Amino acid sequence: MNSTSRSISPSTVSLPEGEDFATVYEFILFRFPRIAESVWRERIELNKVHFDDGGRIDFDTPYQAHRRICYYREVPHEAKIPFEEEVIFENDEIVVVDKPHFLPVHPAGKYVNETLVTRLRVKSGCEELSSAHRIDRSTAGLVLCVKTRLKRGLYQQLFKEGAVKKTYFAAGTLPAQTDQMHWHVRERMEPAADHFRMRIVPQGPANSESLIDLIERRGEVGLFRLQPVTGKKHQLRVHLCKIGSGIINDPFYPDCLEESAVENYDQPMQLLAQRLAFADPVTGQPMEFKSRRSLKFIMF
């Protein structure tokens, strides 16, 4: 029985200018080296790869800069994630969702349909629905989604401009300096050698900023309130390591765990996107939302 999962929505990639490819097929093989050539040959033969206007792509289709190609991601044996999201607010423009741990926001890696956006599109019938921002798969909490492509940029701009006030809670190990309660972390972050993690580098201007408060202690574990000023990948996780802490059950920081540990549903990473507040760009009304979830190690 075929157990391959196919994304219900296409992924897209633009053909950049200045590249020396004779055909679109050559570009695809270069752009996606981890996918076997035989897989791409089958997809093209079955017309699963095409231009965004529906135009067919064959093996000899000439490379055309600035055009966009569409393809449907497929993964074998996609696992069912046994946790459900909760919609806590909805109007004509947006949906605010309380995401569980382990559920990706968008298709990535071995997940194409077990993602927050795909689930919401299927349940609502809204094919253009997408998120205005992202949180990690390992993180639980609030995600703001926009129903139409036309309005998506308005809400994304709020995050880019820092106009959304975000509050997270994390349960982590206590720093060595146990008398300190407040930190203002400003550091330069860049991708690490393994590419999927981030690291702090000493050279260059700071590009990440967070406010961190230790608000409760229980044994060797502390409850932290985190307010990111910027939105770099893995920022809060890296900044907590910077002050000498580490989130309970973090699969990547400070050490990268084995895949089996990453998938342990009994040990979710103790990081929660707890609050979002902003002025709605469509109505001008102040909006504030709080997660209904809590952390396992410290209840607050």
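Here the structure is a predicted model, which is why all the values come from computation and not from measurement.

Engineer: Teacher, can you tell me more about the overall build of the chain here?
Structural biologist: Counting secondary structure elements, the chain contains six helices and 16 strands. Expected size for 300 residues packed as a compact globule is a radius of gyration near 19 Å; at 21 Å, the chain falls within 12% of this value. Every one of the 300 residues in the chain was classed for burial, and the buried ones make up 47%. Of all intrachain contacts in the chain linking residues separated by at least 6 positions in sequence, the fraction that spans at least 24 positions is 63%. When the accessible area of the chain is evaluated, it comes to approximately 15800 Å², of which 49% is carbon and sulfur surface. Separation between the mean location of the 41 positive side-chain charges and that of the 41 negative ones in the chain comes to 3 Å.

Engineer: Before we go on, may I ask you to explain the sheet that holds strand β3 (residues 49-51) in this structure?
Structural biologist: Sheet strands line up and pair through hydrogen bonds in the backbone, either parallel or antiparallel. Read from one edge to the other, the open sheet built from three strands follows the order β2-β4-β3, with strand pairing classed as antiparallel. In the strand order of this sheet, the two ends are held by β2 (11-14) and β3, each with one partner. Recorded for the sheet is a direction-independent mean angle of 30° between the axes of neighbouring strands. In this sheet, strand β4 (residues 68-71) lies alongside β2 in antiparallel orientation, the contact comprising four bridges. Counted as the bridge partner of V13 is I69 from β4.

Engineer: I keep staring at the packing of aromatic side chains and nothing clicks. Help me out?
Structural biologist: How two aromatic rings sit relative to each other is given by the distance of their centres and the angle of their planes. Enumeration according to the criterion identifies 14 aromatic pairs in this entry. On the numbers, 5.3 Å between centres and 85° between planes, the contact of F83 with Y265 is edge-to-face. Highlighted residues: F83 in the loop between β5 (74-76) and β6 (86-90) and Y265 in the loop between α6 (259-262) and β15 (271-279), separated in sequence by 182 residues. One aromatic cluster is present, formed by F21, F27, F30 and Y63 through successive ring pairs. A cation over a ring is seen here: R41 above F59, with NZ or CZ 4.2 Å from the ring centre. One Lys or Arg, R197, reaches over the ring of Y253 and ends 5.9 Å from the middle of that ring.

Engineer: How should the environment of D58 be read in this particular structure?
Structural biologist: By secondary structure assignment, the location of D58 is in the loop between β3 and β4. Its relative accessible area of 29% is what places D58 among the partly exposed residues. Considered as a pair, D58 and E45 are 13 residues apart in the sequence and their alpha carbons are 7.6 Å apart. A polar contact is formed between the side chain of D58 and the side chain of R56, at a distance of 2.8 Å.

Engineer: What should I look at first to understand the pattern of salt bridges in this one?
Structural biologist: Pairing between side chains of opposite charge can happen when the charged atoms of each approach one another. In the structure shown here, the tally under the stated rule is 22 salt bridges. For E93, the salt bridge identified is with K151, shortest N-O distance 3.2 Å. Of the two residues, E93 sits in the loop between β6 and β7 (94-99) while K151 sits in helix α4 (residues 149-160), which places them 58 residues apart along the sequence. By relative accessible area, which is 17% here, E93 ends up buried.

Engineer: Just to check I follow, could you spell out the packing of helix α1 (residues 24-31) against helix α2 (residues 37-45) for this structure?
Structural biologist: Geometrically, a packed helix pair is captured by the angle between its two axes and the distance between the axes. It is the contact of α1 with α2, at a shortest axis distance of 10 Å, that shows an interaxial angle of 140°. Between α1 and α2, the crossing angle belongs to the class labelled oblique. Crossing angle aside, the handedness with which α1 passes α2 is right-handed. Note on element contacts: α2 touches α1 through E37, W40, R41 and I44, opposite Y25, I28 and L29. Of the residues in the contact of α1 with α2, the class split is five nonpolar, no polar and two charged.

Engineer: What exactly am I supposed to notice about the nonpolar core here?
Structural biologist: In globular proteins that are soluble, nonpolar side chains generally tend to be buried together. In terms of nonpolar packing, the biggest core is built from 31 residues, with I212, F224, L226 and L240 touching the most fellow members. Contacts of L226, omitting those with residues within four sequence positions, involve K166, T167, Y168, F169, A170, L211, I212, L236, L240 and L271. Counting 16 residues, the second largest nonpolar core, distinct from the first, contains Y25, F27, I28 and I57.

Engineer: Honestly, the pairing of strand β9 (residues 140-146) in this entry has me stumped. Any pointers?
Structural biologist: Consecutive side chains along a regular strand alternate between the two faces of the sheet. Most of β9 is tucked away, with seven of its seven residues classed as buried. Across six bridges, the pairing between β7 and β9 is antiparallel. Residue pairing in the sheet places D98 in a bridge with L142 of β9. Where strand β8 (residues 130-131) meets β9, two bridges bridge the pair, whose relative direction is antiparallel.

The rules we used
Residues numbered from 1 in each chain as written. Predicted model: local features only at pLDDT ≥ 70, side-chain atom pairs only at ≥ 80, totals over all residues. Heavy atoms only, no water. Helix = DSSP H or I, 4+ residues; strand = E, 2+ residues; numbered from the N terminus. Rg over C-alpha atoms; globule rule 2.2 N^0.38 Å. Buried < 20%, exposed > 50% of the residue type's maximum accessible area, 1.4 Å probe, protein only. Contact = heavy atoms within 4.5 Å. Areas by Shrake-Rupley, 256 points an atom, 1.4 Å probe, with all protein chains shown as cover. Lys, Arg positive; Asp, Glu negative; His and termini not counted. Charge placed at Lys NZ, Arg CZ, Asp CG, Glu CD. Pairing = 2+ DSSP bridges. Axes fitted to C-alpha atoms, helices over the stretch in contact; angles between N-to-C directions. Phe/Tyr/Trp six-rings, centres within 6.5 Å; stacked < 30°, edge-to-face > 60°. Lys NZ or Arg CZ within 6 Å of the ring centre and 35° of its normal. Polar contact = N/O pair within 3.5 Å; in protein donor to acceptor, adjacent residues only side chain to side chain. Salt bridge = Lys/Arg side-chain N within 4 Å of Asp/Glu carboxyl O. Parallel < 35°, antiparallel > 145°, perpendicular 65-115°, else oblique. Left-handed = near helix turned anticlockwise from the far one by under 90°. Nonpolar A, V, L, I, M, F, W, Y, C, P; charged D, E, K, R; others polar. Core = buried A, V, L, I, M, F, W, Y, C linked by side-chain atoms within 4.5 Å.

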